[in-house]
There are 2 protein chains.
Amino acid sequence: MKKIGLIGGIGWPSTIEYYQRICELSQKYHADIQHSGPTPMPEFSIESLDMNFTVNNRGGSSPDSWSVCDTYFNNALRKLEQSGAEIIAIASVTPHSRLKERSQGIQAPVLSIYDAIGAYCHNMGIRHLLVLGTMPTMTTTHFIKGVSNHDVKAFYPESEELKNQLIEIINNLYQNNVNSASRDIENLIRNFLSDTDLKQTAVCLACTELPIAFGDLGRQPQFMYNGISYLNSSFIHADAVFAECIR
Amino acid sequence: MKKIGLIGGIGWPSTIEYYQRICELSQKYHADIQHSGPTPMPEFSIESLDMNFTVNNRGGSSPDSWSVCDTYFNNALRKLEQSGAEIIAIASVTPHSRLKERSQGIQAPVLSIYDAIGAYCHNMGIRHLLVLGTMPTMTTTHFIKGVSNHDVKAFYPESEELKNQLIEIINNLYQNNVNSASRDIENLIRNFLSDTDLKQTAVCLACTELPIAFGDLGRQPQFMYNGISYLNSSFIHADAVFAECIR
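Residues numbered from 1 in each chain as written. Chains lettered and ligands numbered in written order. Predicted model: local features only at pLDDT ≥ 70, side-chain atom pairs only at ≥ 80, totals over all residues. Heavy atoms only, no water.

Novice: Any details on the interface of chain B and chain A? Residues and values, ideally.
Specialist: Contacts between the two partners involve 31 residues from chain B and, on the opposite side, 30 residues from chain A. With both chains or domains summed, chain B and chain A bury close to 2500 Å², and 52% of this area falls on carbon and sulfur atoms. Counting every contact that joins chain B to chain A gives two salt bridges. Our enumeration of links across chain B and chain A arrives at 17 residue pairs in polar contact (both at pLDDT 80 or more). Elements with a minimum of two residues in the side of chain B that touches chain A: α1 (12-32), β2 (44-48), α2 (51-56) and α3 (67-82) of chain B. Grouping the amino acids of the side of chain B that touches chain A by side-chain chemistry returns 14 nonpolar, eleven polar and six charged. Sheet analysis places strand β2 (residues 44-48) of chain A next to β2(B), joined by five bridges and oriented antiparallel. Considered in β2(B), the bridge of Phe44(A) is made with Ser48(B). (Contact = heavy atoms within 4.5 Å. Buried area = accessible area lost by both parts, 1.4 Å probe. Salt bridge = Lys/Arg side-chain N within 4 Å of Asp/Glu carboxyl O. Polar contact = N/O pair within 3.5 Å; in protein donor to acceptor, adjacent residues only side chain to side chain. Helix = DSSP H or I, 4+ residues; strand = E, 2+ residues; numbered from the N terminus. Nonpolar A, V, L, I, M, F, W, Y, C, P; charged D, E, K, R; others polar. Pairing = 2+ DSSP bridges.)

Following this line, the structure appears as structure tokens:
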């Protein structure tokens, strides 16, 4: 198995999701091939960053304004490479919007979450994807462009009001207030997608907090809930990392 | 905060315990000092090893027989140091029996779990410690010597039969068969310690699986159950790492 490098801490619960998922995949993989003895596990290097630093050093519309933050990620990627990581992933959606700048000079392949989701959708015959994520995700076209390479047409909630409603749901989940979150997400979706639209659209939960709204049901790459098909972006990305790790 | 280095993967659930605990401690610490904005988190470098390799390369009674395994750990510690870790911990009890050999040439302090537990007991007035761990822990004197520096008298289950019973409980927990494990642990303890002994003895759950027997109650440094005082070695160690991180 190839050594896996992970950029973590953005945020830390997401790092646990990726690490646990990949370890469980290795257990299942080795059980299926009837490996005896202690289960082989991929080696990992993980660089867990300080989200306070990344948030406080977020740039604006000028590309130069991102240099401190980009360098922070680039240094962490270099450390993973120096520690022998052969494939690398950033365990979070939002930082992918500047993946090209952040992975400058890194030789090991950095597996983009956009590519993982695009390839998953392509394989599953999903052509339309509603993306629910953080504001930096929903106000740039990187996600849409990334999955379009796989013939997937992605879009975000269409109004500022709906985007703000979603951010409020995410903030509540971040503080572990699950309450009616799954219903709130569903209402938000049905607000602008008809039943007919929903038959040919999957909903990508593109930030770590959102799947929490669905409890254990949300802990898989794809699941149905009240007739809506949801994708868990972390699981799809982690699954792609493990597939590459054993390839 | 100092950058934390962790050796993980021995086994992987334990790595999650340490990482999650330290992140939660940072959240609590910054909430208590009324920090506003995104919670600062310590940076981490984690080297997660392959437990199949460590088990298959275990040595025997001759010191030379451990060189492959010791080098594996030493290389990982070096990587943590090269990635800027300022304090390091191995997220597991068992590998500590060869900590001296494994940390040769490492400049950053490697916080021993024996010292963390010894200091904890000393502070809490615990002088007698029954240690329940894996066979490599219970058949060497490293744990006993380690905590004796803090005036703590540690001992293991006294017969081979009791040790084997304990290993069976651990193996069942490893496969997530919790069933009657907390009662089985209690029976094993009461088998050779009287109520009078138990009044002046704490029981150290010195492998990651054992606290699982007690559910959520086990997810803290110390807890009482049916009149017995238990210590969770992972939590005590992780707490010591965070204390050093902010010192």
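Now that the structure is up, let's keep going.
Novice: I'd love a proper account of the sheet that holds strand β3 (residues 87-90) of chain B, names of residues and values included.
Specialist: With mixed pairing, six strands are arranged side by side in an open sheet as β3(A)-β1(A)-β2(A)-β2(B)-β1(B)-β3(B). Since the sheet does not close on itself, it has two edges, and those belong to β3 (87-90) of chain A together with β3 of chain B, each with one partner. Taken pair by pair, the neighbouring strands of this sheet meet at an average axis angle of 15°, ignoring direction. Relative to β2(A), strand β1 (residues 4-8) of chain A runs parallel, the two sharing five bridges. The residue of β2(A) that forms the bridge with Ile7(A) is Glu47(A). Helix α3 (residues 67-82) of chain A rests against β1, β2 and β3 of chain A of the sheet, and its axis sits at about 155° to β1(A). Against the sheet, α1(B) engages β2 of chain A together with β1 (4-8), β2 and β3 of chain B, with an angle of about 170° to β2(B). (Axes fitted to C-alpha atoms, helices over the stretch in contact; angles between N-to-C directions.)

Novice: Account for the pairing of strand β8 (residues 228-232) of chain B, naming residues and giving values.
Specialist: All names here are of chain B. Of all five residues making up β8, five are buried, and the element is well covered by its neighbours. With burial as the criterion, each face of β8 is covered, one bearing Ile228, Tyr230 and Asn232 and the other bearing Ser229 and Leu231. Pairing geometry for strand β6 (residues 201-205) and β8, over four bridges, is parallel. Residue pairing for β8: Cys204 is matched across the bridge by Leu231. Across four bridges, the pairing between strand β7 (residues 222-225) and β8 is antiparallel. Looking at the pairing, Tyr225 lines up with Ile228 of β8. Connecting the antiparallel pair β7 and β8 is a turn made up of two residues, with Asn226 showing a positive phi of about 50°. (Buried < 20%, exposed > 50% of the residue type's maximum accessible area, 1.4 Å probe, protein only.)

Novice: I'd like a description of the packing of helix α8 (residues 160-174) of chain B against helix α9 (residues 181-190) of chain B, backed by residues and values.
Specialist: Residues and elements named next belong to chain B. Interhelical geometry of α8 versus α9 gives an angle of 165° and a closest axis separation of 11 Å. On the basis of the axis angle, α8 is roughly antiparallel to α9. Judged by the sense of rotation from one axis to the other, the crossing of α8 with α9 is left-handed. Contacts between α8 and α9 involve Leu162, Gln165, Leu166, Ile169 and Leu173 from the former and Ala181, Asp184, Ile185 and Leu188 from the latter. (Parallel < 35°, antiparallel > 145°, perpendicular 65-115°, else oblique. Left-handed = near helix turned anticlockwise from the far one by under 90°.)

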